[in-house]
Amino acid sequence: MKKRYILIGGTGFFGAALARELRARGLTVVTVARGSRSTRRQPNVRLDVVRAPELLGSILEPGDTVVYLAGLSPLKRPVGGRRRYREVHLTGFRAALAAAESRGVSRFVQVSALGVQSGCGAAYGETKTRATELLREAAAQVMPNGPARIEPMVVEPSVLFGDGSEIIRTLKRVSRLPLVPLPQIAAQIRPIHVTDAARRLADALTAAQMPGRLELTGPELLAFHQLAAAYLEPRETRVMLLPRSLTRLLVWLASRLKLPGAPAELKAMLALDNAGSPPSQPEELIMFSRWASESRPRGR
Ligand SMILES: NC(=O)c1ccc[n+]([C@@H]2O[C@H](COP(=O)([O-])OP(=O)(O)OC[C@H]3O[C@@H](n4cnc5c(N)ncnc54)[C@H](OP(=O)(O)O)[C@@H]3O)[C@@H](O)[C@H]2O)c1
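Residues numbered from 1 in each chain as written. Predicted model: local features only at pLDDT ≥ 70, side-chain atom pairs only at ≥ 80, totals over all residues.

Caption draft 1: Structural context of the environment of Ala186. One can find Ala186 in the loop between strand 8 (179–182) and strand 9 (188–189). Separated by 36 residues in the primary sequence, Ala186 and Leu222 place their C-alpha atoms 8.9 Å from one another. (Helix = DSSP H or I, 4+ residues; strand = E, 2+ residues; numbered from the N terminus.)

Encoded structure:
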């Protein structure tokens, strides 16, 4: 039987890159998503994992590998607030995992995020952590004479960058200004280019044995304001670092906003350790600062 990779959320920024990478290796990929206007790519199967979870079973076959990428940004409060994180990261996840178990899926992969933990105060992080626990519990269950247990993997990417990523879209918008006041955010990250992340994940997915946990980190360790400056300065946008006290006040104010689109989880998310470990063979990976300066429009 041909091995299939079912990417739930496979039309998003990361999912689309992973689908391209797997297909380039001659593998069969089925993307599953709602086909929403925000994503703009059409999936192979249109399905809302929150509204129609009962349909998941009909698309899975024994031996499939399921990768659950459906997720919401931690930076923008969704319509529905914390409840919406629970729905997409947990209700949909639980349904996909149950369908995978009942259909004899062999591997189930959760795309979580680096540094998230229970009790972190951010619904994004708490729901991702709970989903990891559910996957580990399911994988640990061995039924006498029952089906083979699911092989699990939890993927923890640092910030993913590339054309069209959330962080680059934001930086592109502000790069039209001559001067940008930058909050001085000390939290450090190891940004990884989306094509590098997709290649490393595809390597793990196609290995004879998957690792239980996969960190996806890039070759540079940067504070958020260093990352922003590395993008803005080559575009001749001057940056002005705001004092730490003012930064703290702005982050606190942003975290109080209850409007959709507001960075409501910012304070809790910035408190997480997002640095992770340095990657193996960093020389093979794209450096954010070099990419940022080489991808600037001519003449700027
Ligand atoms: N981007 C990063 O820097 C980063 C870093 C760490 C972790 N991650 C994690 O990586 C995963 C992918 O991130 P991304 O940047 O690719 O996100 P994205 O671009 O927003 O893509 C999300 C995907 O999920 C689908 N989706 C959302 N709600 C759904 C629903 N109810 N039913 C079915 N599909 C649904 C979307 O398609 P439709 O809208 O058409 O349904 C889309 O295919 C997420 O879980 C995210 O938390 C991302």
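Caption draft 2: Local environment of the sheet that holds strand 3 (residues 45–46). The strand order across the open sheet formed by 7 strands is 3-2-1-4-5-6-11, and the pairing between neighbours is parallel. A strand with exactly one partner marks an edge of an open sheet, and here the two such strands are strand 3 and strand 11 (213–216). Relative to strand 5 (residues 107–111), strand 4 (residues 65–68) runs parallel, the two being bridged by 4 bridges. Bridging across to strand 5, Tyr68 finds its partner in Gln110. Strand contacts of helix 3 (residues 81–103): strand 1 (4–8), strand 4 and strand 5, with the helix running at about 175° to strand 4, the strand carrying the most contacts. Contacting strand 1, strand 4, strand 5, strand 6 (151–157) and strand 11, helix 6 (residues 194–205) crosses the sheet at an angle of about 165° to strand 11. (Pairing = 2+ DSSP bridges. Contact = placed C-beta atoms within 7 Å. Axes fitted to C-alpha atoms, helices over the stretch in contact; angles between N-to-C directions.)

Caption draft 3: Region of interest: the environment of Gly276. Residue placement: Gly276 occurs in the loop between helix 9 (266–270) and helix 10 (288–294). Separated by 263 residues in sequence, Gly276 and Phe13 place their C-alpha atoms 21 Å apart. The residues contacting Gly276, other than those within four sequence positions of it, are Leu114, Ser158, Arg190, Glu215 and Thr217.

Caption draft 4: Region of interest: helix 3. For helix 3, which comprises 23 residues, the first-to-last C-alpha distance of 33 Å matches the rise-based estimate of 33 Å (1.5 Å per residue) to within 8%. Burial in helix 3 covers these residues: Tyr85, His89, Gly92, Phe93, Ala96, Leu97, Ala99 and Ala100. Where helix 3 is buried, its residues meet strand 1, helix 2 (56–59), strand 4, strand 5 and helix 4 (123–140). Gly104 lies just past helix 3 and shows a positive phi near 75°. (Expected span 1.5 Å × (residues − 1). Buried ≥ 20, exposed ≤ 12 C-beta atoms within 10 Å, placed from the backbone.)

Caption draft 5: Highlighting the site of the ligand. Surveying the vicinity of the ligand reveals 25 residues, the closest of which are Gly9, Gly12, Arg34, Ser36 and Gly71. Contributions of two or more residues to the shell around the ligand are made by helix 1 (13–24) and helix 3. Among the elements that line the shell around the ligand, the one with the most residues is helix 1, at 3 residues. The class makeup of the residues in the shell around the ligand is 13 nonpolar, 10 polar and 2 charged. (Near = placed C-beta within 6 Å. Nonpolar A, V, L, I, M, F, W, Y, C, P; charged D, E, K, R; others polar.)

Caption draft 6: Geometry of the domain arrangement of the protein. Taken as a whole, the protein is organised into domain 1 (4–158 + 191–216) and domain 2 (166–187 + 220–294). Of note, the centres of domain 1 and domain 2, computed from C-alpha atoms alone, are 26 Å apart. Sorting elements by how many residues they give to the side of domain 1 that touches domain 2 places helix 4 first, with 3 residues. When its residues are assigned to classes, the side of domain 1 that touches domain 2 shows 12 nonpolar, 6 polar and 4 charged. (Domains from an automatic or database assignment.)

Caption draft 7: Region of interest: the packing of helix 1 against helix 6. Between helix 1 and helix 6, the least distance of the axes is 9 Å, while the angle of their chain directions is 55°. Comparing the axis directions of helix 1 and helix 6 gives the class oblique. Handedness of the crossing formed by helix 1 with helix 6: right-handed. Across the interface between the two elements, Phe13, Phe14, Ala17, Leu18, Glu21 and Leu22 from helix 1 touch Val194, Thr195, Ala197, Ala198, Arg199, Leu201 and Ala202 from helix 6. (Parallel < 35°, antiparallel > 145°, perpendicular 65-115°, else oblique. Left-handed = near helix turned anticlockwise from the far one by under 90°.)

Caption draft 8: Quick look at the nonpolar core. Within the largest apolar cluster, 62 residues are counted, with the highest numbers of intra-cluster contacts made by Ile8, Val66, Tyr68 and Ala96. Both domains that furnish three or more residues to this core are identified here as domain 1 (4–158 + 191–216) and domain 2 (166–187 + 220–294). If sequence neighbours within four positions are ignored, Val66 has contacts with Ile6, Ile8, Leu60, Ala96, Ala100, Val105, Phe108 and Val109. Core analysis: the next-biggest nonpolar cluster, separate from the first, contains 6 residues, Tyr85, Ala122, Tyr124 and Leu266 among them. (Core = buried A, V, L, I, M, F, W, Y, C linked by C-beta atoms within 7 Å.)

Caption draft 9: Region of the structure containing unusual backbone geometry. Phi at Arg40 takes a positive value of approximately 70°, unusual for a residue other than glycine. Here Arg40 is to be found in the loop between strand 2 (28–33) and strand 3. For Arg40, a count of 9 C-beta atoms within 10 Å gives the class exposed. Not every positive phi belongs to a glycine, and Glu236 is a case in point at roughly 60°. In this structure, Glu236 sits in the loop between helix 7 (224–232) and strand 13 (238–241).

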